[in-house]
Amino acid sequence: METNFVLFQPTLVTQFRALAAIVRKDWKQYWRYPLNAVSTVLQPVIWLAPVYFMGKAFSINGQALGFAQYSGTSDYMSFLILGAVLGNFVNAVFWGMGYALKNDMDAGVMESNWLTPVPRLLILIGRSLTNLSVTAVTSFGMLIVCRFVFGFHPTGDVLKAVMAIIPMLIGLYGFGFAFAGLVLIMREANTLVDMSAFLVQVFSGADFPVTILPKWLLPIALILPLTYGLDAARGLLLKTNTLLSIGTEVILLVVFMFVMLWLGSWIFYRVERRVRMLGTLGQH
Amino acid sequence: MTTQTIPLTRSLGRPNFLSGWRALWAVIKREWVIFLRYPSWFISLFIWPIIFPLSYVMTARALSGKDGIGMAQFQAATGLHDYTGYIAIGTIIWMWQNVVLWNIGFSLRNEQLRGTLESNWLSPTWRFSYLLGSSVPQLISMLMFLTVSAIEFVLVFGVQFQGSLWLTLLVLLAAIPSVYGLGFAFASLVITAKEANAFVFLVRGLVMIFCGITFPVSILPDWMRPIANWLPQTYIIHAIRSSSLSTDGFPAIAGDLKILAIFGIFWLTFGYLVFNWMEHRARRTGAIGQY
């Protein structure tokens, strides 16, 4: 008997069901190891501790006056805590997104997932949604802990700041698609992931105002869209000095979002095609 | 054909001092080959000593202010005017301990995951050689890392090491038993607890918070200072800063060296005892082959 049709009928509804299944699976898997969540909340607090005490060594009567000369605020801890939140998302994209497919490879389910009639980008979108939600929840927990341990005093409009960083986060996850493709072809990329995540955080000004970078390093910070996202969020929440007007920074972030979503998915499809041609999808 | 059964009253293996050394040498050689086979460490060797202290150095630069208003406070608290060298040394010691915890701490666990631990355990060798042998290539790579770091600090950050190289080497020598003794104890706990990433985060977090990697311990609140005094890394960081950045000479580090010697004896003994305990426990419960 000859068949000239395929058995599956992918529709919008089936794709949505697949997306929901991926989100549910990742969400369940993450919370099955609650220590991970505790670690995600507490790790940034530990990383902030040396800077907190270092700030005290530089402060005059409890005021970081030197820091205020560069940033416009002497509340250096709130400045750094916002940087740590961004750091959470950067790490989530680099380790969670970049390594999502690698983990599937290690678990031996990559090839079988790839054979399902689900668009491959949808698999990544599903994983991004869980990743984004989990990071938002743990970052909120981190903010609460930081408020009690170090003091976190946002004085500006929280809603506006959240609206400003949404395009940045979507763009960041678009970048995650490209990065996932890169890990797919490199397979063993711990060093690359570790260093890239760290460098992006350093140069986007998570730990200091980028204006203090030497002139030869400053261009690196200025070509990273995250620099503007973080700068706008700090400007709106802490009333710090911003590099450009906040409106201009938000426009840049929206442009970044569209460019990264397109570029990220394009790179991912190109790499994925190459990996299929090489037949290395199931290899470690 | 007839078969003859010979009753064995003793093991066919004849472990002695020399065979112990041969086993240790074999483990060292194997670990060295594995180390060289994955050359990504080469990138880490050159990049991490710059990028890890960089964020702290830049934050310190921002805290000191455009006109250096915060620097006077820092000088009064530390007695040093070079915050770059101060931070670079603190962070590099933290990185050393961090790498030891991951590499030595997880050496037996990795063998367990590869499925070779149980078969190695059955051979008539000195079992501690598996752990000791893993440490030797790691120690060599860390000495390379510390050397490259010092050169890069001078070239990239402009750190001026005004102290004595020999005193700095003496402090490093005194630090090795504490750092690696903790690694040995840790490796034994990891083999028992299996998924122990959280322990690494805890121990390195303690070092990060209490040992003054970027600040003088005197800044800590009163209740935190006694905890810092019980951690050997506090003395390692202080002694290396004194020996390499200042010209105060041996008297400035004599107290630290004495304490490090006591910590070294304690941690090496503790590491060995915990290993023996784990070994007996694992054989009794059959935990060696479990994931």
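Quick look at the structure, then. Residue positions within a chain follow its written sequence, with the count starting from 1. Labels follow written order: the first chain is A, the first ligand is 1, and so on. With the structure being a predicted model, the display of local features is reserved for residues of pLDDT at least 70 and the display and counting of side-chain atom pairs for 80 or more, all residues being used for whole-chain, interface and lining totals. The basis for every side-chain value is the complete set of non-hydrogen atoms in the structure, without hydrogens or water.

Only heavy atoms enter the contact rule, under which two residues are in contact if any of them lie within 4.5 Å. On the chain A side, the residues contacting the 42 residues of chain B number 36 residues. In this assembly, chain B packs against chain A so that about 3500 Å² is buried in total across both faces, 77% of it on carbon and sulfur atoms. Salt bridge criterion: a side-chain nitrogen from Lys or Arg within 4 Å of a carboxyl oxygen from Asp or Glu. Counting across the interface, chain B meets chain A through zero salt bridges. At the level of elements, helix 2 (40-64), helix 3 (71-78), helix 4 (83-103) and helix 9 (197-210) of chain B are the ones that each hand at least two residues to the side of chain B that touches chain A. Secondary structure follows DSSP: runs of H or I at least 4 residues long count as helices, runs of E at least 2 residues long count as strands, and numbering of each begins at the N terminus. A per-element tally of the side of chain B that touches chain A places helix 2 of chain B first, with 17 residues. Put simply, buried area is how much 1.4 Å-probe accessible surface two parts lose in total, over both of them, once they are put together.

Mapped onto the secondary structure, Pro216(B) falls in the loop between helix 9 and helix 10 (225-229). Linking Pro216(B) and Ala60(B), residues 156 residues apart in sequence, is a C-alpha distance of 13 Å. In this view, Pro216(B) contacts Ala57(A), Ala77(B), Thr78(B) and Tyr86(B); residues no more than four positions away in its chain are not counted.

Attention now goes to helix 2 (residues 34-58) of chain A. With 25 residues, helix 2 of chain A ought to run about 36 Å at 1.5 Å a step, and its terminal C-alpha atoms sit 38 Å apart, in line with that. Note that bend, as reported per residue, equals the angle between axes fitted to the 7 residues terminating at that residue and the 7 residues originating from it. At Leu48(A), helix 2 of chain A shows its largest kink, close to 30 degrees, and the proline Pro50(A) lies no more than four residues downstream. Working rule for helices: expected span equals 1.5 Å times residues minus one.

The next thing to look at is the environment of Leu222(A). The residue Leu222(A) is located in helix 10 (residues 218-223) in this model. Here's how the labels work: a residue is buried when its accessible area is under 20% of the maximum for its type, exposed when over 50%, partly exposed in between, all with a 1.4 Å probe on protein chains only. By relative accessible area, Leu222(A) is classed as partly exposed at 35%.

So, about helix 7 (residues 128-157) of chain B. Under the 1.5 Å per step criterion, the end-to-end length of helix 7 of chain B is 41 Å for 30 residues, consistent within 8% with the ideal 44 Å. Downstream of helix 7 of chain B by one or two residues, Gly158(B) has phi in the positive range, about 70 degrees.

Turning next to the environment of Ile47(B). Mapped onto the elements, Ile47(B) comes out in helix 2. Between the alpha carbons of Ile47(B) and Ser149(B) there is a distance of 9.3 Å; along the sequence they are 102 residues apart.

Only buried residues count toward a nonpolar core, which is a set of Ala, Val, Leu, Ile, Met, Phe, Trp, Tyr and Cys residues joined through side-chain atoms within 4.5 Å. Ranked by size, the top nonpolar core spans 165 residues in total, and within it Phe150(A), Trp96(B) and Leu108(B) carry the most contacts. In terms of residues, this core owes the most to one element, helix 4 (residues 76-97) of chain A, which gives 15 residues. Not counting chain neighbours up to four residues away, the residues in contact with Trp96(B) comprise Met142(B), Leu172(B), Ala175(B), Ile176(B), Val179(B) and Tyr180(B).

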